[in-house]
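Descriptive structure summary
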Amino acid sequence: MQSTFYNPFEEMANTAQRLSKGAQAMSNLPEPEVGTSPKHQVWQLDKARLFRYDRETPPTVKTPVLIAYALINRYDMMDLQPDRSLVRKLLGLGLDIYVLDTGYPTRSDRYLTMEDHILGYIGGAIDFIRQSHQIDRVNLLGVCQGGTFSTIYTAIHPEKIKNLITLVTPVDFATDEGLLFRWARDLDVDAIVEAFGGLIPGTFLDTGFQMLKPGLKANKQRRLMQIMDNEDELLNFMRMERWINNLPDHPGETYRQFIKELYQENKLTKGTFVLGQHPVKLEHITVPLLNIYASEDHLVPPAHTKPLNDLVGSKDKTLYEFPGGHIGVFTGRRSQSELGPTVFEWLKARD
């Protein structure tokens, strides 16, 4: 009986050959594009630009929607590719959609505060849309940190918001469910801001996110090995990598305020947060609320999102659980088949 022995050198040679073949295949692929749904710029303030997505037919929901994304990474995640695009799905269902692009901050932007982003950029975009459509209120959809900013804006100016949708949005920063939230409590924020000269590198923030799942990089490499012979899967992989590595820097003063007053002091939930001259009271939010959280979200666990429904003054409020993770909310198949239609029907019923 002949025995079969494990030969590590043979395995290494096969792996090297496969990697070489895969690298050649990737070099022959076109540069993957993200955020391909057609849109055009309609307004700008500093580096912040407002885009309106193009429609070939009139919207079936007359009140337009403004998407406010987080300052970390880019809103392209919501429009990653044609068959994995929450934006494209919502457009197809009949929404009139705007998105706020806060751009790529430079050192000249290091003194921008949360007030600049919330009342200046989000508020300016909202006022532009109101004036353009000759309406009093718009629908506001905030994502992650952009959802926190949108919640604060709505608490200050509920008269300008028709419906508020928060998507994987941190509000209660005091729970211990998320490792990121526990880490943030011990950060010497002032030292970090000063060390980086007032502009926090996007790569620094991403390193923290990567540390939340130490095996993520190994799993990614394993996945890449499995799809080397599949051009479509490789393009999908490359699109995601392009989005992940597109990392805007973060204005130091915004970072300082967000970490200190929200992560460390939890002022938003306590009702003690003040933006500029505006006390922010979540009970002043009386508009309809759709609060969406992801059941397996390791970046913004449900415990940080769900309390919003108990803190607002709205009578019409819906808490919606999405079965998946932080990114799957935008790119998963259920996002297309379930989440998009849910958002559309919820807005349509309140139009």
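Provided above is the structure to which this section pertains.
Owing to the predicted nature of the structure, the values given are computational and were not obtained by experimental measurement. (Residues numbered from 1 in each chain as written. Predicted model: local features only at pLDDT ≥ 70, side-chain atom pairs only at ≥ 80, totals over all residues. Heavy atoms only, no water.)

It is worth spelling out the overall build of the protein at this point. When you go through the protein residue by residue, the secondary structure sums to 15 helices and 14 strands. When the 351 residues of the protein are sorted by exposure, 51% land in the buried category. Of all intrachain contacts in the protein linking residues separated by at least 6 positions in sequence, the fraction that spans at least 24 positions is 79%. Approximately 16500 Å² of the protein is accessible, and the part contributed by carbon and sulfur atoms is 51%. (Helix = DSSP H or I, 4+ residues; strand = E, 2+ residues; numbered from the N terminus. Buried < 20%, exposed > 50% of the residue type's maximum accessible area, 1.4 Å probe, protein only. Contact = heavy atoms within 4.5 Å. Areas by Shrake-Rupley, 256 points an atom, 1.4 Å probe, with all protein chains shown as cover.)

This next bit is on the packing of aromatic side chains. Evaluated as defined, the whole model comprises 7 aromatic pairs. Considering the side-chain rings of Phe149 and Phe258, the 6.0 Å spacing of their centres and the 85 degrees angle between planes classify their relative orientation as edge-to-face. Of the two residues, Phe149 is situated in helix 4 (residues 145–156) and Phe258 in helix 10 (residues 252–264); the sequence distance between them amounts to 109 residues. Look at Phe149 and you get buried, because its relative accessible area is 3%. Relative to Tyr263, the ring of Phe258 has its centre 5.7 Å away and its plane inclined at 70 degrees; by these criteria the two rings are edge-to-face. Each member of the aromatic cluster is reached from another via a ring pair, and the members are Phe149, Phe173, Phe181, Phe258 and Tyr263. (Phe/Tyr/Trp six-rings, centres within 6.5 Å; stacked < 30°, edge-to-face > 60°.)

If you trace the 8 strands from one edge of the open sheet to the other, you get 1-2-6-3-7-8-13-14, paired in mixed fashion. Lying at the two open borders of the sheet, with one neighbouring strand each, are strand 1 (39–45) and strand 14 (317–322). Between one strand axis and the next, the sheet turns through 20 degrees on average, direction left out of account. Two elements, strand 1 and strand 2 (residues 48–53), share 6 bridges in a ladder whose sense is antiparallel. Bridged to Gln44 within strand 2 is Arg49. Strands in contact with helix 4 are strand 3 (65–68), strand 7 (138–143) and strand 8 (161–167); relative to strand 7, the strand with the most contacts, it is inclined by about 140 degrees. (Pairing = 2+ DSSP bridges. Axes fitted to C-alpha atoms, helices over the stretch in contact; angles between N-to-C directions.)

Moving on to the nonpolar core. Of all hydrophobic cores here, the largest spans 50 residues; its most connected members are Leu66, Met114 and Ile152. Ranked by residue count, the leading element in this core is helix 3 (residues 114–133), at 7 residues. (Core = buried A, V, L, I, M, F, W, Y, C linked by side-chain atoms within 4.5 Å.)

Attention now moves to the packing of helix 3 against helix 4. Two elements in contact, helix 3 and helix 4, have axes separated by 10 Å at closest approach and are oriented at 70 degrees. On the basis of their axis angle, the class for helix 3 and helix 4 is roughly perpendicular. Counting all contacts with helix 3, which are made through Met114, His117, Ile118, Leu119, Ile122, Gly123, Ile126 and Asp127, the residues of helix 4 involved are Phe149, Ile152, Tyr153 and Ile156. Residues that form the contact of helix 3 with helix 4 fall into these classes: 9 nonpolar, 2 polar and 1 charged. (Parallel < 35°, antiparallel > 145°, perpendicular 65-115°, else oblique. Nonpolar A, V, L, I, M, F, W, Y, C, P; charged D, E, K, R; others polar.)

A separate point is the pattern of salt bridges. Counted according to the given criterion, the structure contains 14 salt bridges. Measuring nitrogen to oxygen at the nearest pair gives 2.8 Å for the salt bridge that ties Asp109 to Lys47. Of this pair, Asp109 sits in the loop between strand 6 (97–101) and helix 3 while Lys47 sits in the loop between strand 1 and strand 2, placing them 62 residues apart in sequence. When its relative accessible area of 11% is taken as the criterion, Asp109 is described as buried. (Salt bridge = Lys/Arg side-chain N within 4 Å of Asp/Glu carboxyl O.)

Structurally, the position occupied by Pro279 is in strand 12 (residues 278–279). Spatially, the C-alpha atom of Pro279 lies 9.8 Å from that of Leu268, the residues being 11 residues apart in sequence. The residues contacting Pro279, other than those within four sequence positions of it, are Phe273 and Val274.

Helix length check: helix 3, at 20 residues, gives a terminal C-alpha distance of 27 Å against a target of 28 Å (1.5 Å per residue), a fit within 8%. Bending of helix 3 peaks at approximately 30 degrees at the position of Gly123. If you check which residues of helix 3 are buried, you get Met114, His117, Ile118, Tyr121, Ile122, Gly123, Gly124, Ala125, Ile126, Ile129 and Arg130. A positive backbone phi angle near 55 degrees is found at Gln134, which sits one or two residues after helix 3. (Expected span 1.5 Å × (residues − 1). Bend = angle between axes of the 7 residues up to and from the residue.)

On to the side chain of Asp109, then. In this structure the side chain of Asp109 is engaged in a polar contact, spanning 2.8 Å, whose partner is the side chain of Lys47. Setting aside anything within four residues of it in sequence, one finds Asp109 in contact with Lys47 and Pro251. (Polar contact = N/O pair within 3.5 Å; in protein donor to acceptor, adjacent residues only side chain to side chain.)

On to the pairing of strand 13 (residues 289–294). Most of strand 13 is tucked away: 6 of the 6 residues are buried. The side-chain alternation of strand 13 yields two buried faces, one formed by Leu289, Asn291 and Tyr293 and the other by Leu290, Ile292 and Ala294. Here 4 bridges tie strand 8 to strand 13, and the two strands are oriented parallel to one another. Across the sheet, the residue bridging to Ile165 is Leu290, located in strand 13.

The next subject is the packing of helix 2 (residues 86–93) against helix 15 (residues 333–349). Orientation of helix 2 relative to helix 15, taken along the N-to-C sense of each, is 50 degrees, at an axis distance of 9 Å. By the angle class used here, helix 2 and helix 15 are oblique. Of the two possible hands of crossing, helix 2 and helix 15 adopt the one that is right-handed. Across the interface between the two elements, Leu86, Lys89, Leu90 and Leu93 of helix 2 pack against Ser335, Gln336, Gly340, Pro341, Val343 and Phe344 of helix 15. Among the residues forming the contact of helix 2 with helix 15, the class breakdown is 6 nonpolar, 3 polar and 1 charged. (Left-handed = near helix turned anticlockwise from the far one by under 90°.)

In this model, helix 15 (17 residues) spans 24 Å end to end at C-alpha, consistent with the 24 Å of a helix rising 1.5 Å per residue. When the local axis directions of helix 15 are compared, the greatest deviation, roughly 35 degrees, occurs at Leu339, which is followed within four positions by the proline Pro341.

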